[in-house]
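The residues making up each chain are set out below.
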Amino acid sequence: MVDSADVAETATIGDGSSVWHLAQVREEARVGENCVIGRGAYVGTGVTMGDNCKLQNYALVYEPAELEDGVFVGPAAVFTNDHYPRSISPDGSLKRGDDWEAVGVTCRTGASIGARAVCVAPVTIGRWALVAAGSVVTKDVPDFALVAGVPARRIRWVGRAGVPLEDAGNGAWTCPQTGDRFRETGDTLIEETS
């Protein structure tokens, strides 16, 4: 950790993890091992991050987000946490922390969120899914889906390597990089085991 990072005393930072300049890790946040939290990134109160995660510069991960192992969050991506954001109540009084119910974004193992993407809570980003840069995610993303746009929609399937899968016909898909095979059923993609 660098001196200009702001890490709460009650936050837990796993072995081998680094927190860079001007980043803030709030109270009760749990960061796993071998994670990288880039310059100016924000990790909210009680956020959990698994091992081998990367938050790039200026990514904002608000509580109660949960990132499983191997999640990548690109530069300036934002995870929201409020259904109905308001600064004041209907009577004009300033809202406080207990005046609303926080909802979170969940990122499953290996998911990647592109630069400046916005994930509008509550949503779950599936295992090994890929959210394209600049997208706005407003609904759950299936495992292995590549979503893009505003609002984000599935445009392709991707494998663990992150490259688009090739159509092998009859609902079968293959990763051109790893050779892994998948089976599409409706709106889901399932890995075939050997």
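Residues numbered from 1 in each chain as written. Predicted model: local features only at pLDDT ≥ 70, side-chain atom pairs only at ≥ 80, totals over all residues. Heavy atoms only, no water.

1. Details of the side chain of Thr 174
No. 1: As for its placement among the helices and strands, Thr 174 is situated in strand 23 (residues 172-174).
No. 2: For Thr 174, a relative accessible area of 19% puts it in the buried group.
No. 3: A distance of 3.1 Å separates the side chain of Thr 174 from the side chain of Arg 181, its partner in a polar contact.
No. 4: For Thr 174, the residues in contact, after removing those within four places along its chain, are Leu 165, Glu 166, Ala 168, Gly 179, Asp 180 and Arg 181. (Helix = DSSP H or I, 4+ residues; strand = E, 2+ residues; numbered from the N terminus. Buried < 20%, exposed > 50% of the residue type's maximum accessible area, 1.4 Å probe, protein only. Polar contact = N/O pair within 3.5 Å; in protein donor to acceptor, adjacent residues only side chain to side chain. Contact = heavy atoms within 4.5 Å.)

2. Some words on the pairing of strand 22 (residues 166-169)
No. 1: Sheet topology places strand 22 next to strand 23; three bridges connect them, and they run antiparallel. Looking at the pairing, Gly 169 lines up with Ala 172 of strand 23.
No. 2: Connecting strand 22 to the next strand, strand 23, in antiparallel fashion are two residues, including Asn 170 with a positive phi near 55°. (Pairing = 2+ DSSP bridges.)

3. Focus on the layout of surface pockets
No. 1: By volume, the largest pocket amounts to about 200 Å³.
No. 2: Around the largest pocket, the lining residues are Val 136, Val 137, Thr 138, Lys 139, Asp 140, Val 141, Pro 142, Val 147, Ala 152, Arg 153, Arg 154 and Asp 187.
No. 3: Among the elements of the structure, strand 19 (136-137) and strand 21 (153-157) are those that each provide at least two residues to the lining of the largest pocket.
No. 4: For the lining of the largest pocket, the class distribution of residues is six nonpolar, one polar and five charged. (1 Å grid on protein atoms, 1.4 Å probe; cavity = no way out; pocket = protein on both sides within 12 Å on 5 of 7 lines; lining within 4 Å. Points joined across faces, edges and corners; volume = space filled by probe spheres on them. Nonpolar A, V, L, I, M, F, W, Y, C, P; charged D, E, K, R; others polar.)

4. Observations concerning the sheet that holds strand 1 (residues 6-7)
Adjacent strands of a sheet form backbone hydrogen bonds with each other and so pair up, either parallel or antiparallel.
No. 1: One open sheet holds the seven strands; their spatial order is 1-4-7-10-13-16-19, and the pairing between them is parallel. Edge positions in the sheet fall to strand 1 and strand 19, since each of these pairs with one other strand and no more.
No. 2: Sheet topology note: the strand 7 (residues 42-43)/strand 10 (residues 60-61) ladder contains two bridges and is parallel. When the sheet's bridge partners are listed, Val 43 is paired in strand 10 with Val 61.

5. So, the packing of aromatic side chains
No. 1: Considering all chains together, one arrives at two aromatic pairs under this definition.
No. 2: Consider the rings of Tyr 42 and Tyr 62, whose centres lie 5.1 Å apart with planes at 45°: the pair is tilted. Linking Tyr 42 in strand 7 with Tyr 62 in the loop between strand 10 and strand 11 (66-67), this pair joins segments that are 20 residues apart in sequence.
No. 3: On the accessibility criterion, Tyr 42 (12% relative accessible area) is buried.
No. 4: Between the aromatic rings of Phe 144 and Phe 182, the centroid separation amounts to 5.0 Å while the plane-to-plane angle is 65°, which identifies the pairing as edge-to-face. With Phe 144 in the loop between strand 19 and strand 20 (145-148) and Phe 182 in strand 24 (residues 181-185), the pair connects residues that are 38 residues apart, well separated along the chain.
No. 5: When its relative accessible area of 1% is taken as the criterion, Phe 144 is described as buried.
No. 6: Owing to a relative accessible area of 0%, Phe 182 belongs among the buried residues under this scheme.
No. 7: For the cation-ring pair, Arg 154 lies above Trp 157, with the distance from its terminal atom to the ring centre recorded as 4.0 Å. (Phe/Tyr/Trp six-rings, centres within 6.5 Å; stacked < 30°, edge-to-face > 60°. Lys NZ or Arg CZ within 6 Å of the ring centre and 35° of its normal.)

6. A word on the nonpolar core
No. 1: One finds Ile 37, Met 49, Leu 55, Leu 67, Phe 79, Ile 113 and Ile 125 to be the most contacted residues of the largest nonpolar core, which totals 48 residues.
No. 2: Those elements giving two or more residues to this core turn out to be strand 14 (105-107), strand 17 (123-125) and strand 20.
No. 3: Sequence-distant contacts of Ile 37, that is, excluding residues within four places in its chain, are made with Ser 18, Val 19, Trp 20, Ala 23, Val 25, Val 31, Val 43, Met 49 and Leu 55. (Core = buried A, V, L, I, M, F, W, Y, C linked by side-chain atoms within 4.5 Å.)

7. Details of the sheet that holds strand 21
No. 1: Taken in spatial order, the eight strands make up an open sheet running 3-6-9-12-15-18-20-21, and their pairing is mixed. One side of each edge strand has no neighbouring strand; the edge strands of this open sheet are strand 3 (18-19) and strand 21.
No. 2: Bridging between strand 15 (residues 112-113) and strand 18 (residues 130-131) involves two bridges; their strand directions are parallel. Bridge pairing links Ser 112 to Leu 130 in strand 18.

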